[in-house]
Amino acid sequence: MNRRHFLHAALGSAGLALASNPLWAAINHGGHAGHASGTPAMPLKMAPGNISLLPVNALPAGQPHAILFRLPNLSSKPAVVAATITAEPYEAELIPGKKTVVWAYNRSIPGPLIEAFEGDTVEIRFVNKLTQASTVHWHGMPVPADQDGNPQDAVPAGGERLYRFSLPVGSAGTYWYHPHPHGDTSEQVYRGLAGLFIVRAKNDVLAHLPEQHLVISDLRLASDASIPDNNMNDWMNGREGQFALVNGQREPVITVGEAQRWRIWNACSARYLRLAIPGRKIILAGSDGGLLERAQEVSELLLAPGERAEWIVAGPAGAVSLMALAYDRSKMGKVAPEQDIRLASIQFSQDSAAKLPERLRTLPPRIKPVAKKRVVFSEIMSMEGGQHSMQFLVNGKSYDMQRVDLTSRLGDTELWEIVNDSHMDHPFHIHGTQFEVLDTTLKGKTTPASWRANKDTFNLKPNQSARILITQKHRGLRMYHCHILEHEGQGMMGQVLVK
Ligand code: C2O
Ligand code: CU
Ligand code: CU
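Just so you know, these numbers come straight off a predicted model, no measurement behind them. (Residues numbered from 1 in each chain as written. Chains lettered and ligands numbered in written order. Predicted model: local features only at pLDDT ≥ 70, side-chain atom pairs only at ≥ 80, totals over all residues. Heavy atoms only, no water.)

Structural notes on the overall build of the protein
Broken down by element type, the protein carries 4 helices and 30 strands. Over its C-alpha atoms the protein spans a radius of gyration of 22 Å, differing by no more than 12% from the 23 Å that the globule rule assigns to 499 residues. Expressed as lengths along the three principal axes of its C-alpha atoms, the size of the protein is roughly 65 × 55 × 50 Å. Relative to its full complement of 499 residues, the protein shows a buried share of 60%. A fraction of 76% describes how many contacts in the protein between residues 6 or more apart in sequence connect residues 24 or more apart. Per element, the accessible surface of the protein, about 19,600 Å² overall, is 53% carbon and sulfur. (Helix = DSSP H or I, 4+ residues; strand = E, 2+ residues; numbered from the N terminus. Rg over C-alpha atoms; globule rule 2.2 N^0.38 Å. Buried < 20%, exposed > 50% of the residue type's maximum accessible area, 1.4 Å probe, protein only. Contact = heavy atoms within 4.5 Å. Areas by Shrake-Rupley, 256 points an atom, 1.4 Å probe, with all protein chains shown as cover.)

As structure tokens, this is what we get:
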């Protein structure tokens, strides 16, 4: 059945236009009654689809690019980074003259930037002042499983805990942290909870370059400036608000004098960023888990939700734009056509050139895998008791926090085939380690990766598959999931136990 027909049959002639249609109350949430697998969870919060929103220009644009708030290190011991992060709701003034209740870390949106060096021990006290359980998950970082904010290790509302881990040599990179409680991750992130983590190498070959940090996040504000719950379309396609912000600002102005190193995070729940600087090339120097072996010149770079990149930015004096170009990720139902968005303007105040070493890094040689695994993302629409329901599955199952889906041996290098057997793009993410993409296959055509890179999040187009090499270096339970947080929350997640 073709896709349109499939949707039509599944939804009836009312189609998806009826955003408040009660049948959507039945969209599955982590496996509801009637499904053999999955952890029973609360029904989904569902806002109507026709809430009136603020116009995009309600947020002032054109301000100088904000610097991220850096969390001060409270430790006096060498090689120890200690700090407290507190998640709490508070009233922020995002729109001049209006109050918005946001949930944020240390009253900061984006959350604070934590910086540490390879070899450091990190001790973060987490205080949960939310009315929901939460965790802090260190996205992409090689931290032990019991320190990684798994849904099983929830910190109750009003509770606190200490996260403690050390950063191995070779882990330098651009990471982030966000909540990972069972079922509530997407809400906690879209209300404002996400922070940044940079691990630095002591012998960083780009240490001479000044840095800029661009955290791209998504925000939806109703006309009263409140943050509405997810609607039906959000639960299907992932949430995208009317604002795509850079460090919490709309279209800030970034000034570049001498060549700079940029770190860019896609911290959006679901928005894909096809980044480009029209008229100029991008010099890509790093990925999720640190530097590439050599810088690469590209004309655009797709960053799926959860992915990061490092760029070298230099060029002739002049003004240009940082764009997120329209990207069709095959959303379901009636959705607005994708549009180009201007994320920021870049003012090159002088001519500059990037002087880079020929080799940025040497990745260790590829290890021959000793085991194979296959992970398949799929979507199913079904009828149950006269109600339609949508399921987002991994290997045919909805997430169950009690179930171990796969097991791996500590230190074994494995070849995983990740398959997107569905109609829309899904970014694959796994906890605890970085992986290397070997190749991708689409319509029978296999394409080797253009360069070697340490990745923890990787997008798969509909019917595309990828082969990755992966080694887990800590024992314990690790999640892998789609990083469209609404899909993860509805069960598109599995668990591998590393023994
Ligand atoms: Cu960024 Cu399982 O998460
Ligand atoms: Cu993660
Ligand atoms: Cu998905």
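Now that the structure has been shown, we can carry on.
Regarding the environment of Val56
For Val56, the position within the fold is in the loop between α1 (3–11) and β1 (80–92). Val56 sits 187 residues away from Phe243 along the chain, and the two C-alpha atoms are 6.5 Å apart. For Val56, the contacting residues outside a window of four places in its chain are Gln242, Phe243 and Arg250.

With respect to the sheet that holds strand β3 (residues 113–117)
The mixed open sheet is built from 4 strands, whose spatial order is β3-β8-β7-β5. A single partner strand is all that each edge strand has here, and the edge strands are β3 and β5 (137–139). With direction set aside, neighbouring strand axes in the sheet form an average angle of 25 degrees. The pairing of strand β7 (residues 173–178) with strand β8 (residues 195–200) spans 5 bridges and is antiparallel. Paired with Tyr177 across the two strands is Gly195, which belongs to β8. (Pairing = 2+ DSSP bridges. Axes fitted to C-alpha atoms, helices over the stretch in contact; angles between N-to-C directions.)

A look at the coordination of the copper ion (ligand 2)
Six octahedral donors at a metal ideally form angles of 90 or 180 degrees, and four tetrahedral donors ideally form angles of 109.5 degrees. Taken together, His137 (NE2) and His429 (NE2) make up the protein donors of the copper ion (ligand 2), found 1.9 Å from the metal. Here His137 is found in strand β5, whereas its partner His429 is found in strand β24 (residues 426–430), with 292 residues between them in sequence. (Donors = N, O, S within 2.8 Å, 3.2 Å for Na, K, Ca; no water.)

Regarding unusual backbone geometry
For the peptide bond that leads from Ile109 to Pro110, omega is -5 degrees, which places it in the cis range. Mapped onto the secondary structure, Pro110 falls in the loop between β2 (100–105) and β3. The phi dihedral of Asn106 is positive, around 50 degrees, even though this residue is not glycine. Of note, the phi angle at Arg107 is positive, near 50 degrees, even though the residue is not glycine. Residue placement: Arg107 occurs in the loop between β2 and β3.

Description of the side chain of Thr135
Checked against the element boundaries, Thr135 lands in the loop between β4 (121–128) and β5. Within the structure, Thr135 has its side chain in polar contact with the backbone oxygen of Gly149 (distance 2.7 Å). Once you skip the residues sitting within four places of it in the chain, Thr135 turns out to touch Tyr105, Phe126, Gly149, Asn150, Asp153, Ala154, Val155, Tyr163, His178, Pro179, His180 and Pro181. (Polar contact = N/O pair within 3.5 Å; in protein donor to acceptor, adjacent residues only side chain to side chain.)

Let's talk about the nonpolar core
Residues Val375, Trp416, Phe428, Ile430, Phe435 and Tyr480 are the most contacted members of the largest nonpolar core, which totals 30 residues. Those elements that provide at least two residues to this core are β20 (371–384), β21 (387–394), β23 (413–421), β24, β25 (435–442), β27 (457–460), β28 (465–471) and β29 (476–482). Not counting chain neighbours up to four residues away, the residues in contact with Val375 comprise Val394, Asn395, Leu406, Trp416, Glu417, Ile418, Val419, Phe428 and Tyr480. Residues Val256, Leu275, Val298 and Trp311 belong to the second largest nonpolar core, which totals 29 residues. (Core = buried A, V, L, I, M, F, W, Y, C linked by side-chain atoms within 4.5 Å.)

Some details on the sheet that holds strand β16 (residues 301–303)
To summarise the sheet geometry, strands pair through backbone hydrogen bonds and adopt either a parallel or an antiparallel arrangement. One open sheet accounts for 5 strands, arranged β11-β19-β18-β13-β16; its pairing is mixed. Strands at the two margins of the open sheet, each flanked by one partner only, are β11 (253–256) and β16. This sheet shows a mean twist of 25 degrees between the axes of neighbouring strands, independent of strand direction. With 4 bridges connecting them, β11 and strand β19 (residues 341–348) associate as parallel partners. When the sheet's bridge partners are listed, Val256 is paired in β19 with Phe348.

Examining the side chain of Asn459
Note on placement: Asn459 falls in strand β27. Asn459 gets classed as buried once you look at its relative accessible area, which sits at 9%. Side-chain polar atoms of Asn459 contact the side chain of Asp425, separated by 2.9 Å. The contacts of Asn459, once residues within four sequence positions are left out, are Tyr272, Leu302, Ala304, Tyr327, Asp425, His426, Pro427 and Gln464.

A short note on the pairing of strand β15 (residues 290–298)
Inspection of the sheet shows strand β14 (residues 282–287) paired to β15 by 5 bridges, in the antiparallel sense. Residue pairing across strands places Leu284 opposite Gln296, the latter belonging to β15. With antiparallel pairing between neighbouring strands as the criterion, β14 and β15 make up a hairpin whose turn holds 2 residues.

Some words on the pattern of salt bridges
Side chains bearing opposite charge may pair, as long as their charged atoms lie close to each other. Evaluation of the coordinates by the stated rule reveals 37 salt bridges. Here Glu211 makes a salt bridge to Arg200, at a shortest N to O gap of 2.7 Å. Placement of Glu211 in strand β9 (residues 211–219) and of Arg200 in strand β8 is noted, with a sequence separation of 11 residues between them. When its relative accessible area of 22% is taken as the criterion, Glu211 is described as partly exposed. Here the salt bridges do not stand alone but share partners, grouping Arg70, Glu115, Arg200, Asp204, Glu211, Arg261, Arg263 and Glu310 into one network. (Salt bridge = Lys/Arg side-chain N within 4 Å of Asp/Glu carboxyl O.)

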